[in-house]
Amino acid sequence: MVHTIKKIGVLTSGGDSPGMNAAIRSVVRTCAFHDITCYGIFRGYEGMIDGDFIEMDARSVKGIINKGGTMLKSARSKEFRTKEGRAKAYEQLKKAGIDAFVVIGGDGSFTGAMIFNQEFNFPVMGIPGTIDNDIVGTTHTLGYDTALNTVVEVIDKIRDTASSHNRLFFIEVMGRDVGHIALNVGIGAGAEEILIPEEDLGLERLVESLRRSKQSGKSSSIVVVAEGDKIGKSVFELKDYVDENMSEYEVRVSVLGHMQRGGAPSCFDRVLASRMGVKAVESLITGKSNYMVGLKNDIMDLTPFDQAVKGKSKINMELLRVSDIMSI
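Just so we're clear, the structure is a prediction, and the values are computed from it rather than from any experiment.

Some points on the sheet that holds strand S7 (residues 193–195)
Reading across the sheet, the four strands line up as S7-S8-S6-S9 and stay open at both edges, with parallel pairing between neighbours. The open sheet is flanked by S7 and strand S9 (250–255), the only strands paired with a single partner. Each strand axis lies, on average, 20 degrees off the axis of its neighbour in the sheet, ignoring direction. Lying over the sheet, helix H8 (residues 235–245) contacts strand S6 (167–173), S7, strand S8 (221–226) and S9, oriented at roughly 175 degrees with respect to S9.

Description of the side chain of His 180
Note that His 180 resides in helix H6 (residues 180–188). At 3.0 Å, the side chain of His 180 and the side chain of Ser 313 are in polar contact. Excluding anything up to four places from it in sequence, His 180 contacts Asp 132, Asn 133, Tyr 144, Ser 313, Lys 314 and Ile 315.

Quick notes on the pattern of salt bridges
What the rule picks out here adds up to 13 salt bridges. Among the ionic pairs, Asp 301 bridges to Lys 296, the shortest N-O distance being 3.5 Å. Overall, Lys 296 belongs to the partly exposed group, its relative accessible area being 31%. It is possible to trace a salt-bridge network through shared partners that takes in Arg 43, Asp 50 and Asp 52.

A word on the pairing of S6
By the criterion of burial, S6 is predominantly enclosed, with seven of the seven residues buried. With burial as the criterion, each face of S6 is covered, one bearing Arg 167, Phe 169, Ile 171 and Val 173 and the other bearing Leu 168, Phe 170 and Glu 172. Pairing geometry for S6 and S9, over six bridges, is parallel. In the sheet register, Glu 172 faces S9, and the bridge partner there is Val 255. Bridging between S6 and S8 involves six bridges; their strand directions are parallel. Each bridged residue has a counterpart across the sheet, and for Phe 169 the counterpart in S8 is Ile 222.

Cut-offs and rules
Residues numbered from 1 in each chain as written. Predicted model: local features only at pLDDT ≥ 70, side-chain atom pairs only at ≥ 80, totals over all residues. Heavy atoms only, no water. Pairing = 2+ DSSP bridges. Helix = DSSP H or I, 4+ residues; strand = E, 2+ residues; numbered from the N terminus. Axes fitted to C-alpha atoms, helices over the stretch in contact; angles between N-to-C directions. Contact = heavy atoms within 4.5 Å. Polar contact = N/O pair within 3.5 Å; in protein donor to acceptor, adjacent residues only side chain to side chain. Salt bridge = Lys/Arg side-chain N within 4 Å of Asp/Glu carboxyl O. Buried < 20%, exposed > 50% of the residue type's maximum accessible area, 1.4 Å probe, protein only.

Structure follows, in structure tokens:
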């Protein structure tokens, strides 16, 4: 027998990403559509432990679909990693009469939800919100498309300066474990080289490639570097090496940092968030639990949390080949 769900909580956990507010809006309005009471849980699992809840209706989420960040705030909770902390969170949910929750976040958030579900048999559903696009079970995570567009726009502006001064720019983008952002923006912005964790180009080959670019008539170069790239200890080490070995270039470094995580979500992310919110709530209503909502072949699908957390999203090898051809 399917347990009747009357109250659903929604929280954002881990790092923020554009589209989180659109997803909150979708969860709240889908609950309203199905006559379910929705509670916003502030500050992620930390707020769950503290009972920091607010009842939300369809009007309470007006005007947020276009906003970056998260209106419910986000925090990492050390206490939730303990059994005692999770027990406190469970008591707060029961006290408020909340029957299930939707967590919008990354693999750490989903791990917490999965353990919580196992310990208390509590219905949970996940929506992937991270700009890194590093979760198995969806072709796109919330915020990824927006981050790509933000970075391409910035690189276009840096290229104006690079070409004006015959400069080589190393531009570091986010991507500690996977190079999705670097690879896609590198192609989209016309970078001469793309350095990602999955491919170790090596310092000598990098310099050789830059020399070939110079000899072919390129007066400036853009190299996009994922923060997890394995060639050097940091992007500044790459700069020092090229300075020593290629005096013909003036080398500059630009670390884009957290600007990649901010800004108004793209239309794609707004639509994706809306679809994911509907799928998450309606899956809970039908008795599903312990799944992440994801986009596969343009269809909303469910992936068990353990698969989403344990897997590692793979780089598109065809894009690597395209980048090699485009950088000639």
